[in-house]
Structure formats: structure tokens, C-alpha cells
Amino acid sequence: MSLKKLALFVTLFVPFLLNAQVTTPSPNDAFKCGISEQAPALIKQRLMSNRQLFTRQEVSDLMTNRVTTYVPVTIHNVAANSSGLGKTSEQTILAFLCGLNAIYADQDVQFFMHGPIRNRVSNNIYTNAGTSTSRNQMLSYRVANTLNLIIGASTSNPTASWYDPSGDFVFLLQQMLTSAAKTEAHEIGHFFTLPHTFYGWEGNTVNTEYPSGILPSCTISGGWFGHTPERVARTGPRANCQTAADGFCDTPADYFSDRLNCPFPAFADCDSVPLNPDESNIMSYAYDACVNTFSTEQETAIAMDIASRTWVTNTPPTTTEVTGMAAPVSPLSGAQLGDINNATVMLEWTPVTGATMYYLEVYGTQFPGLWLPNTNDPIYKGIVYSSTPRFNLSTANLVAGSRYAWRIKAFNSLSTCGPFFAYANFEATTGVTTGIKDLPIEKQMSFSANSNPITTSTITFSVYSAEDVVGSIRIYGIDGREVLNLTKQELNAGDSMIQLPADRLENGVYVAVLITERGQLQQKIIIQR
């Protein structure tokens, strides 16, 4: 290859490789870990103490003879008031537990729900979880011999999640919870004695403090506490990785305590040796999309901490993986549900192997004819703490003649990753039929397009009504927009023919809706000229 061609290759291709490493930021990347100034030292102190508890052979046995360890997790879901203001969706909780177990699976560590999610009420935690009053409330919530995860919104101070080493609990900021569970894995890493990879640099922005890009001294007095920075060297007289920073020699020296995209900027230690931090390490401050792993020595520390916590010997009620879906049985999709004059109505679904609980969602609907769930109109969202596949739904928020969408997810305390079945819909009814007008609308009227697909510029509808009614026809696009409207008119008892001009409608799928004071009927139509 000529020098000219080589220069062109370097100019064009190398920047492409560098840019390919950069990840797309997410909203979570604006958050930090909120451990206190005292916490890093306490976490590292427990790490060093654990190392004194086990011989080298015992540590080797922990890593080579591993069996699945089940960690009981008590989840405290904090709302501002008894009405549930600020409460975290149970589905959000189930999703991050799924992600958390995926991250720790290669270490044979799995987390399971220790009993039901505990719904807590604290306006203090909802408003500002960082106050001493909020901390005292969190301390009172703790359940002994479990990993306590306390979830809150902290609306006036929504900046961080953290592990409290003195109280031995984790606070998770509601806004940081995701199914990828990177924040959750990081904070629980602290629970298992893992310091930040940049230990000692908390509260100190190295590339701002030292714009030259080289650490001028091998002793640092800034930040939260003075410390001896970790050098890049891993062997020889300059190496200090066993005791400096996070205490691990297989996590490269890292000074970056700000959330940064990967790769990190260039910087050198006090020996002028360039840093090469591991931006994929979960205990670093790299963006969420960058991090995905623990080092071998970190995994050993986790195993030692689990072994030192003799309470981590519980097992979940079942270890069966839940993969099946719970399908609606009653009411079937499109059917009626009543009598809503009763205090409750029964929803039933198929049982799923291994499921000991079900998560149920019921919403109002939007886009007549499509009956898509309107997630801004929740009727019920919650866990059914039973393996029995049914639930008595309160009728307090159901309206006769309205349609509702519902779906179910099967799971157990360990296996929370199972899928939802597709949404089904039902019509709420009173169940009282003293005359024709009290019958379901489908028994009073019929509504259909005479030819479908429609190939002409006119749509002809056939309408049958058992009694005289006033009605109108509206046509909606697949995106829910109203594209055509026939104003109200008298529909006489018997058969009627109604024509609408369709010359302005483009080819595609539409929903025609007949609207009367007694209810609605819909018909999917296709324009195909």
C-alpha cells in the first residue's frame, strides 16, 4: 500500500472506528450515584474486612463451586399519600427485577421478591428523599435479613439513587428505574462492597482540576477526602492497585467521577502513564449504554459478601421460570361484562405454569372500533397475589356502555420477565333488560358497509334499527383522526340505506362508527380504488 493510500485510510477509517465506540446518551445519564461523603470509605472498609474472613482456598472454593444463590429482596414502594400519588408502577418494578437478574446471572446470583411489595406512605420521601427525616423513615421500613430496596420520586430533589452503608439499604430514585437495570445493578454493587472504580475522586472533576491532562502529584487533597491515587502500573514497585482506589487490580485506574460517554477523555497518572479505564464496568460513571460487566475480582468480592451475610440462605417459593402467557377467558375480547350494579365483576384468565402471581391492567379505551387502551385512563393496575387466575374488579369507575381494555402478565417472586398477552376489550353493562332500549346495542341495531373493500367514490351503509333512533356516522383514519362526519339524522325502525361521499378519502384502512344515544357500532372499511 502506498503512503498516500495509507494516509487516506488513516484519515477516513480511523475516525470512523473511534466514533463507532460512542454511544447514544439516555435521560438516565444525567443522574449520578448519590452515596454520602462517608459512604465510599465505609463500603471499602467492609470489602477489606471481608478479605480477612476467608482464606485463599475458601475464596477459590467460593468461585469454583458456585451454586445459584437467591437473595431475598424487600421492595418498599413509597407514595406521597394514601391515594397513591407518586407510587411506582408494579410493572416498572417487575421489569427492573428482570433486568437485574439478567446482569447478575453469570455470577449465579438471583434476586427474588420477599413477600408482597410493601406500599409505604411518606410525603417526606416523595418530596425529598435526601433529608434526615426521610432517612429515618427509610430506616424504620427495613425488613431484617433481606436486601431492602426503597423506591421514591423525591420530586424536589430528583438527582440520584444511593446505597446507605450505615443503614444497609438502597434508595432507588423512581425516575432512574429501567428494564436494563444499570442503576439498580450499580447500587446493589455497593451493597455487595464494591466501591466506585474512581474511588477517591468523588466530588472532584479531574479533567477540570487538571486541564493539562496529567496528574501532577501522587497525593490528592481535594474532593471528599485526601487519597493516594491509583497508578496505571499493575506490577512492580509503582503498582498500588491492591490498596488504592477500589482495591481491585483487574479494574484499570479510573479518575473520572462525572457521567461521561465512552470512550473517556485522555488523561495520565502521576507517572505520566496514560489511563485506560474500563468504561464497560458497572461501577464506573460511564453512560448506561457503555456499562455491562463486573470484573473477576469484583465478582469475587460479591461472592465473599454474600457468604459473609449468613442470612442469604433463603430460597424463593418456586424457582420455575414463567414463560407462558395468561389469556383472557371471561370476558372474551369484544364481549360484555356485567352487572356493574354489583360492587365487583369477575375477570378470569388461563392459569400459567409456575405463576404464583399475576399483574393486571385495565384501561379506558380510545379510537372507537379499534378500542385501543388509553393509558391516561387507568381503571386498575396492580398485582394479584394469588395463583388463582381470576380477580374481582371494582365497578366504581366503570360506566355502562363504555368499553375497556385489559391484559395480564404471569410471574412469580423470582421469574418476572414473562410476556403480556395481547389486550382484550369488554363492554361494561348493567345486566338489566326490561325493554328493547335496555338490550345491548348489537341486539337493537346492525351496521355494515354494503361492499368492502370500497372501490367507488361513495360508501353505502346498511342500517337496521328495532326502534326509531337518532344517529350519526363518523369515519376515522387508522391514526384515530376523524376524516368524515355525517351529522345526526332520524333513523326509522327497520332497514335504512345511508350513502356518504368518499372521493376525498385516500386508499387505506378506516373505521366507520355509527353513534346513537343507545350506544355505538363500528365497521372496519377499506378504500381500494
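Up top is the structure.
These notes cover the structure that comes with them. Because the structure is predicted, anything quoted here is derived from the model rather than measured. (Residues numbered from 1 in each chain as written. Predicted model: local features only at pLDDT ≥ 70, side-chain atom pairs only at ≥ 80, totals over all residues. Heavy atoms only, no water.)

**Remarks on the overall build of the protein chain**
In step 1: Secondary structure summary: the protein chain contains 10 helices and 22 strands in total.
In step 2: For 529 residues, the compact-globule formula gives about 24 Å, and the C-alpha radius of gyration of the protein chain, at 31 Å, lies well above that figure.
In step 3: For the C-alpha atoms alone, the extent of the protein chain along its principal axes is close to 100 × 70 × 45 Å.
In step 4: Looking at the protein chain as a whole, 48% of its 529 residues qualify as buried.
In step 5: Nonlocal contacts in the protein chain, meaning residues at least 24 apart in sequence, comprise 68% of its contacts between residues at least 6 apart. (Helix = DSSP H or I, 4+ residues; strand = E, 2+ residues; numbered from the N terminus. Rg over C-alpha atoms; globule rule 2.2 N^0.38 Å. Buried < 20%, exposed > 50% of the residue type's maximum accessible area, 1.4 Å probe, protein only. Contact = heavy atoms within 4.5 Å.)

**A short note on the environment of Ile 302**
In step 1: Considering the arrangement of structural elements, one finds Ile 302 in helix α9 (residues 296-308).
In step 2: Between the C-alpha atoms of Ile 302 and Leu 337, which are 35 residues apart in sequence, the distance is 52 Å.
In step 3: Not counting the four nearest positions on each side in its chain, Ile 302 is found in contact with Tyr 104, Gln 107, Phe 192 and Leu 194.

**Some details on α9**
Every α-helix carries 3.6 residues per turn, so stepping three or four residues along brings you back to the same face.
In step 1: For α9, which comprises 13 residues, the first-to-last C-alpha distance of 18 Å matches the rise-based estimate of 18 Å (1.5 Å per residue) to within 8%.
In step 2: Listing the buried residues of α9 in full gives Gln 298, Glu 299, Thr 300, Ala 301, Ile 302, Ala 303, Met 304, Asp 305 and Ile 306.
In step 3: At its buried positions, α9 is contacted by α2 (39-53), α3 (56-64), β2 (69-79), α4 (90-104), β3 (109-113) and α7 (182-191). (Expected span 1.5 Å × (residues − 1).)

**Topic: empty space enclosed by the protein**
In step 1: Going through the model one piece at a time under the given rule, you end up with two cavities of 30 Å³ or more.
In step 2: Size it by volume and the largest cavity reaches roughly 130 Å³.
In step 3: Lining the largest cavity are 14 residues; nearest its centre among them are Lys 182, Thr 183, His 186, Arg 259 and Asp 288.
In step 4: Taken together, the elements giving at least two residues each to the lining of the largest cavity come down to β1 (32-33) and α7.
In step 5: The residue inventory of the lining of the largest cavity, partitioned by class, reads six nonpolar, three polar and five charged.
In step 6: Empty space within the second largest cavity amounts to approximately 30 Å³.
In step 7: Along the walls of the second largest cavity sit Asn 204, Thr 205, Val 206, Asn 207, Phe 256, Ser 257, Asp 258 and Leu 260, which together make up its complete lining.
In step 8: Considered class by class, the residues forming the lining of the second largest cavity number three nonpolar, four polar and one charged. (1 Å grid on protein atoms, 1.4 Å probe; cavity = no way out; pocket = protein on both sides within 12 Å on 5 of 7 lines; lining within 4 Å. Points joined across faces, edges and corners; volume = space filled by probe spheres on them. Nonpolar A, V, L, I, M, F, W, Y, C, P; charged D, E, K, R; others polar.)

**Here's the deal with helix α6 (residues 132-141)**
In step 1: Of all the positions in α6, only Ser 134, Met 138 and Tyr 141 are classed as buried. What you see down the axis of α6 is that its buried residues fit within an arc of 55°, all on one side. Pointing more than 90 degrees away from the buried face of α6 are the exposed residues Ser 132 and Ser 140.
In step 2: Check the buried side of α6 and you find it contacts β2, β4 (118-121), α5 (123-127), β5 (147-152), β6 (160-164) and β7 (169-173). (Arc of directions from axis to C-beta.)

**Section: the nonpolar core**
In step 1: With 78 residues, the main nonpolar core has Tyr 104, Phe 111, Leu 147 and Phe 192 as its most contacted residues.
In step 2: Of all the elements, α4 adds the most residues to this core, at seven residues.
In step 3: Residues contacting Phe 192, with those up to four places away along its chain left out, are Val 71, Tyr 104, Phe 111, Ala 301, Ile 302, Asp 305 and Ile 306. (Core = buried A, V, L, I, M, F, W, Y, C linked by side-chain atoms within 4.5 Å.)

Geometry only, nothing functional implied.
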